[in-house]
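Geometric and topological summary
Listed below are the residues making up each chain.
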Amino acid sequence: MKTLTAPRSSVSDCVARVATGISDFFDEKEALALPYGRRYPELWAAARRSSEGGKRIRPALVIHAYKALGGTRDDDVVTVATAFELLHTAFVLHDDVIDGDTVRRGQPNLVGAFSAHASGRGATATSAATWGEASAIVAGDLLIYSAQAHIARLDIPGSTRVALLDLLEECMFVTAAGELADVAFSTAVEPPVLSEVLSMTQWKTAHYSFQDPLRAGAILAGAGDTTLTALGDYGRHIGIAFQLRDDLLGVFGSERLTGKSVTSDLREGKITPLMCYALQCDDTGELRDILAREDVTEPDARRARRILTSSGARDFIEGLIDDYTRRAMAAIDSPLVPESLRMQLETVARKAGERSA
């Protein structure tokens, strides 16, 4: 079957329409929230801010897959892409609560902003934290439902709509498993085993960030199972590479470029594959002691970085990133994946492995 490809500008136009659609969505929700007390519109406004400033990776993947595989209904793909961006914002809000983070992209996140506002009005530290965290949980819940509603309301064949809804449900199911495993390892509920920590990385990040956006675009375009499998395999491998790079940046990166603290993973005791490998090599127990501390200082962080380097963990993770990137590219070396899409995914793979922010 001959495939159709669209010029890059049409993909860019659709991504721009996603941004406009998200803005319109929050305009509507803020207006609807007005009769329900002044805090409710403030919550929607804060959720809007949480959705701003991202790279829009997920919408772009949905749209690229759809266009390259012959899709022509821009309104439909923009709606599906918007759903994935709303879902991403929901997961970010919930993740900040779970991790105890109050800053994202160099600015107070919803938890931090609402907690600070409550403190300024005389709330105790405990009450202020509860208010901030509860607000983020509620906002995330609302956006998860809204993502589902975007797809449920699509005017497309019922079988395609059901397939997309099933994909979204699978996405949430697997991501929740990854989040639970992440907390289990970080709290020592489960002992860290490298293979299991790598699986957690796939579940928590690869599914909703790469695998499912690509498969959603392909499903909407009417692609066959073999193509869906190839794109899913690519997404799984490059999603792991992306998260492994994120783990390195979380310790060795520049706060100015990433907008995130380079001590937060250490402070939270995050058991990433980077940490897991180093812990297996750390006979002194010094890294384990650092990860167990509630207040990780900059000297602590410098010692941790030395251990992560001298143990070979940093080089090991760099090697894994290269390996998963190669696996990703091999997965789409198929005539069923249009050349235009392969070229775009090669660019995504290169950026995922080499990025500094």
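Nothing here was measured: the structure is a model prediction, and the numbers come from that model. (Residues numbered from 1 in each chain as written. Predicted model: local features only at pLDDT ≥ 70, side-chain atom pairs only at ≥ 80, totals over all residues. Heavy atoms only, no water.)

Helix and strand counts for the protein chain stand at 16 helices and two strands. The C-alpha atoms of the protein chain give a radius of gyration of 21 Å, which matches the 21 Å a tight globule of 357 residues would have. If you line up the protein chain on its principal axes, its C-alpha atoms span 60 × 55 × 35 Å. Counting contacts in the protein chain only where the partners sit at least 6 residues apart, residues at least 24 apart contribute 72% of the total. (Helix = DSSP H or I, 4+ residues; strand = E, 2+ residues; numbered from the N terminus. Rg over C-alpha atoms; globule rule 2.2 N^0.38 Å. Contact = heavy atoms within 4.5 Å.)

Moving on, we get to the confidence of the model for the protein chain. Parts of the prediction with low pLDDT should not have their coordinates interpreted in detail. This prediction gives the protein chain a mean pLDDT of 92; 96% of its residues lie at or above 70. Averaged pLDDT values for the elements of the protein chain fall to 70 in helix α10 (residues 255–258) and rise to 98 in helix α6 (residues 125–152). (pLDDT = per-residue confidence, 0-100.)

A few words on the pattern of salt bridges. In this structure the tally under the stated criterion is 25 salt bridges. Residue D99 pairs with K270 through a salt bridge whose shortest N-O separation is 2.9 Å. Taken as a pair, D99 in helix α4 (residues 74–99) and K270 in the loop between α11 (264–267) and α12 (273–281) lie far apart in primary sequence, 171 residues in all. An identical accessibility class is assigned to D99 and K270; each is buried. Between R267 and D101 there is a salt bridge; the shortest N-O distance is 3.6 Å. You can see R267 sitting in helix α11 and its partner D101 sitting in the loop between α4 and β1 (103–104), a full 166 residues away along the chain. In this structure R267 comes out as partly exposed when scored by relative accessible area, which is 35%. Taken together, the salt bridges that share partners define one network made up of D95, D99, E179, D182, K204 and K270. (Salt bridge = Lys/Arg side-chain N within 4 Å of Asp/Glu carboxyl O. Buried < 20%, exposed > 50% of the residue type's maximum accessible area, 1.4 Å probe, protein only.)

For the rest of this paragraph, the subject is unusual backbone geometry. A positive phi angle is found at R56, which is not glycine, with a value near 55°. Phi at A188 takes a positive value of approximately 65°, unusual for a residue other than glycine. Here A188 is to be found in the loop between α7 (158–186) and α8 (194–221).

What follows deals with the nonpolar core. Soluble globular proteins tend to bury their nonpolar side chains together. Core analysis: the largest hydrophobic core is formed by 101 residues, its most contacted members being L164 and Y234. A total of 12 residues in this core trace back to one element, the largest contributor, which is α4. In this structure, Y234 is in contact with L214, A328, M329, A331, I332, L345, V348 and A349, ignoring residues within four places of it in sequence. (Core = buried A, V, L, I, M, F, W, Y, C linked by side-chain atoms within 4.5 Å.)

We now examine the packing of helix α3 (residues 57–68) against helix α16 (residues 339–354). Packing of α3 against α16 leaves a shortest axis separation of 9 Å and a crossing angle of 160°. By the angle between their directions, the pair α3 and α16 is classed as roughly antiparallel. The interaxial crossing formed by α3 with α16 has left-handed handedness. Touching L61, H64, A65 and A68 of α3 are S340, L341, Q344, L345 and V348, all from α16. Looking at the contact of α3 with α16, its residues break down into six nonpolar, three polar and no charged. (Axes fitted to C-alpha atoms, helices over the stretch in contact; angles between N-to-C directions. Parallel < 35°, antiparallel > 145°, perpendicular 65-115°, else oblique. Left-handed = near helix turned anticlockwise from the far one by under 90°. Nonpolar A, V, L, I, M, F, W, Y, C, P; charged D, E, K, R; others polar.)

Looking now at α3. Over its 12 residues, α3 runs 16 Å from end to end, which matches the ideal 16 Å to within 8%, given 1.5 Å per residue. Counting buried positions along α3 gives 12 out of 12 residues, so the element sits mostly inside the fold. Burial in α3 covers these residues: I57, R58, P59, A60, L61, V62, I63, H64, A65, Y66, K67 and A68. Looking at the residues trailing α3, positive phi occurs at G70, about 100°. (Expected span 1.5 Å × (residues − 1).)

Here V92 is to be found in helix α4. Residue class for V92 comes out buried when judged on its relative accessible area of 8%. Linking V92 and S51, residues 41 residues apart in sequence, is a C-alpha distance of 9.0 Å.

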